Amino acid sequence: MTRSLLSPERLEAELRAIGAERYHDQHPFHHLMRDGRLDRGQIQAWALNRYYYLVARLPTPALRREWRRRILDHDGDDENTGGIARWLRLTDGLGLDRAYVISTAGLLPATRFAVDAYVNFVRDRSLLEAVASCLTEMFSPQIIAERVEGMLRSYDFISRDTLAYFTPRLTQAPTDVAFALGYVKEHADTPEKQVLVLDTLRFKCDVLWTQLDALYFAYVEPRLVPPGAFVPQQVAR
């Protein structure tokens, strides 16, 4: 069936509908974490696996300048600033050895496969698809707000300091979305390109969903931790 070209506004509406259906704020693992029904080891496993997550790829100076801001958000100006440093404060606060986290030795295989699939996608597909892959940021402020509020309310081993990664994301994510959504609405100028953009967002939602699937299977039910993956209390300080 031939698809007609959507207006930029209609394209955005379809992208937002995908997020409403498929974003991982709907996942049972997120609900358990938000509602205070996970134990310390399960939260450790989530933080450890979520660490394995950062990518950048753009060819032109103008686009690299935009993306460089995002890299700076993650890496900071020195060893103790930026999103990665703030995430390591979270894993420190959860009692995980920092060298162990950075090594990624205890990752679930599904986490590694899902994130590597995302990295390969961004590397190998078109620039339009690479930019569209970050449109899950449209939905992240809601999940961040739920996560922070629920964890502070429910877990005595969590503090605002250990969750410091999330506070800047509430303002950084809308800035990221403004660039990516504007780029996609301008450059997805054929029905075929719009289909690629919509499929890309579905793929990215699947990447995020798969990570929580793996965490749920290994650490909630039926608690089958794969060989070599993190086992709660095994490496905790």
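Computed from a predicted model, the values in this text were never measured in an experiment.

**Student:** Which residues make up the side chain of S133, and what are the values?
**Tutor:** Within the secondary structure, S133 sits in the loop between α8 (127-132) and α9 (140-154). Judged by its relative accessible area of 1%, S133 is buried.

**Student:** Lay out the nonpolar core with the relevant residues and their values.
**Tutor:** Of all hydrophobic cores here, the largest spans 61 residues; its most connected members are L15, I43, W46, L135 and V184. With 10 residues, the single largest contributor to this core is helix α11 (residues 191-219). With residues up to four places along the chain from it excluded, the contact list for W46 reads F29, M33, W87, L90, R147, M151, F166, L212 and L215. Grouped together as the second largest cluster of nonpolar side chains are six residues, Y118, F121, V122 and A130 included.

**Student:** For the pattern of salt bridges, give the residues involved together with the corresponding values.
**Tutor:** Summed over all chains, the structure comprises 18 salt bridges. For E14, the salt bridge identified is with R10, shortest N-O distance 3.7 Å. Taken together, the residues E14 and R10, both in helix α1 (residues 8-22) and four residues apart, mark about one turn of the helix. Of the charged contacts, one joins D39 and R223 as a salt bridge, the two residues approaching to 3.9 Å between their closest N and O atoms. Remark: R223 occurs in the segment after α11 and D39 occurs in the loop between α2 (28-34) and α3 (40-50); sequence separation between them is 184 residues. When salt bridges that share partners are traced, they join R34, D35, R37 and E146 into one network.

**Student:** Before we move on, could you go through the packing of aromatic side chains and cite the residues and values that matter?
**Tutor:** This structure, assessed with the given rule, holds 11 aromatic pairs. Geometry around Y52 places R112 over its ring, the cationic atom sitting 5.3 Å from the centre.

**Student:** Could you give an account of the packing of α1 against helix α10 (residues 166-187), naming the residues involved and the relevant values?
**Tutor:** In the contact formed by α1 and α10, the axes pass within 9 Å of each other and the chain directions differ by 125 degrees. Overall, the two elements α1 and α10 adopt an arrangement that is oblique. Judged by the twist between their axes, the crossing of α1 over α10 is right-handed. The residues of α10 that touch α1, namely those facing P8, E9, L11, E12, L15 and R16, are L181, V184 and K185. Looking at side-chain class alone, the contact of α1 with α10 contains five nonpolar, no polar and four charged residues.

**Student:** So what's going on with the environment of V131? Residues and values would help.
**Tutor:** Inspection of the secondary structure assignment puts V131 in helix α8. The spacing of V131 and T200 is 69 residues in sequence and 9.4 Å in space, taken between C-alpha atoms.

**Student:** Hey, could you go over the confidence of the model for the protein chain for me, with residue numbers and the actual values?
**Tutor:** Model confidence for the protein chain is summarised by a mean pLDDT of 88, while 86% of its residues fall at 70 or above. Within the protein chain, α11 carries the highest mean pLDDT (97), whereas helix α4 (residues 61-75) carries the lowest (62). This model gives residues 55-59 a pLDDT under 50, and the stretch forms 20 contacts once residues within four places in sequence are excluded.

Reading the values: the criteria
Residues numbered from 1 in each chain as written. Predicted model: local features only at pLDDT ≥ 70, side-chain atom pairs only at ≥ 80, totals over all residues. Heavy atoms only, no water. Helix = DSSP H or I, 4+ residues; strand = E, 2+ residues; numbered from the N terminus. Buried < 20%, exposed > 50% of the residue type's maximum accessible area, 1.4 Å probe, protein only. Core = buried A, V, L, I, M, F, W, Y, C linked by side-chain atoms within 4.5 Å. Contact = heavy atoms within 4.5 Å. Salt bridge = Lys/Arg side-chain N within 4 Å of Asp/Glu carboxyl O. Phe/Tyr/Trp six-rings, centres within 6.5 Å; stacked < 30°, edge-to-face > 60°. Lys NZ or Arg CZ within 6 Å of the ring centre and 35° of its normal. Axes fitted to C-alpha atoms, helices over the stretch in contact; angles between N-to-C directions. Parallel < 35°, antiparallel > 145°, perpendicular 65-115°, else oblique. Left-handed = near helix turned anticlockwise from the far one by under 90°. Nonpolar A, V, L, I, M, F, W, Y, C, P; charged D, E, K, R; others polar. pLDDT = per-residue confidence, 0-100.

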